[in-house]
Amino acid sequence: MSWARRSIRARSRSPDLADVAALMVRVGLASSLGDARRTIDGRGFRCNGEVIEPGASLETADLLPGGRLLLQKGRKSHHLVQFFLTSGVVAATPGQ
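Note that the structure is a prediction, hence the values are computed from the model and not measured.

A.B. asks: Mind showing me how you'd approach the packing of helix α1 (residues 20-27) against helix α2 (residues 33-41) here?
C.D. replies: Geometry of a packed helix pair, given as the angle between the helix axes and the separation of the axes. It is at 8 Å that the axes of α1 and α2 come closest, and there the two elements cross at 120°. With respect to their mutual orientation, α1 and α2 come out oblique. Both α1 and α2 take part in a crossing whose hand is right-handed. Along the contact surface, α1 presents Val20, Ala21, Ala22, Met24 and Val25, while α2 presents Leu33, Ala36, Arg37 and Ile40. Among the residues making up the contact of α1 with α2, the classes are represented as 8 nonpolar, no polar and 1 charged.

Written out as structure tokens, the structure reads:
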């Protein structure tokens, strides 16, 4: 298993957790918005172990301790995303 760490600068002070498709593209779980939307429609994404339903949005209440989300695409692709809400930086730690 290889782990890499990368930082993604958010456009605003608080990352928009309502746009799930854009978040999946930004962290690298989807190659495009269309790919992300199709995967959401097929119930292929999970957040903290729960299936992300079409039309759902993620809220700050969904964050794990430390401001983290465990995002999954299928069974093998997992990304642990940590939100630094005060600095406007989203750091993603993807794992294969």
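A.B. asks: Got a minute to help me understand the nonpolar core in this structure?
C.D. replies: Here is a general trend for soluble globular proteins: nonpolar side chains tend to be buried in one another's company. Within the largest apolar cluster, 19 residues are counted, with the highest numbers of intra-cluster contacts made by Leu23, Met24, Phe45, Leu58, Leu69, Leu71 and Phe83. Residue assignment for this core shows that the elements contributing at least two residues are α1, α2, β2 (45-47), β4 (68-73) and β5 (77-84). In terms of residue count, the dominant contributor to this core is α1 (5 residues). Excluding its chain neighbours within four sequence positions, the residues that come into contact with leucine 69 are Leu17, Leu23, Cys47, Asn48, Leu58, Asp62, Leu63, His79, Leu80, Val81 and Phe83.

A.B. asks: I tried to follow the pattern of salt bridges on my own but got confused; where do I start?
C.D. replies: Between side chains of opposite charge, a pair can form as their charged atoms come close. Applying the stated criterion across every chain, the model contains 2 salt bridges. Between aspartate 35 and lysine 73 there is a salt bridge, with the nearest N and O atoms lying 3.5 Å from each other. With aspartate 35 in helix α2 and lysine 73 in strand β4, this residue pair connects regions lying 38 residues apart in the sequence. Taking the relative accessible area as the measure of exposure, lysine 73 reaches 26% and is therefore partly exposed. The salt bridge partner of arginine 43 is glutamate 53, with a shortest N-O separation of 2.5 Å. In this pair, arginine 43 is assigned in the loop between α2 and β2 and glutamate 53 in the loop between β3 (50-51) and β4, connecting sequence segments 10 residues apart.

Criteria and thresholds
Residues numbered from 1 in each chain as written. Predicted model: local features only at pLDDT ≥ 70, side-chain atom pairs only at ≥ 80, totals over all residues. Heavy atoms only, no water. Axes fitted to C-alpha atoms, helices over the stretch in contact; angles between N-to-C directions. Helix = DSSP H or I, 4+ residues; strand = E, 2+ residues; numbered from the N terminus. Parallel < 35°, antiparallel > 145°, perpendicular 65-115°, else oblique. Left-handed = near helix turned anticlockwise from the far one by under 90°. Contact = heavy atoms within 4.5 Å. Nonpolar A, V, L, I, M, F, W, Y, C, P; charged D, E, K, R; others polar. Core = buried A, V, L, I, M, F, W, Y, C linked by side-chain atoms within 4.5 Å. Buried < 20%, exposed > 50% of the residue type's maximum accessible area, 1.4 Å probe, protein only. Salt bridge = Lys/Arg side-chain N within 4 Å of Asp/Glu carboxyl O.

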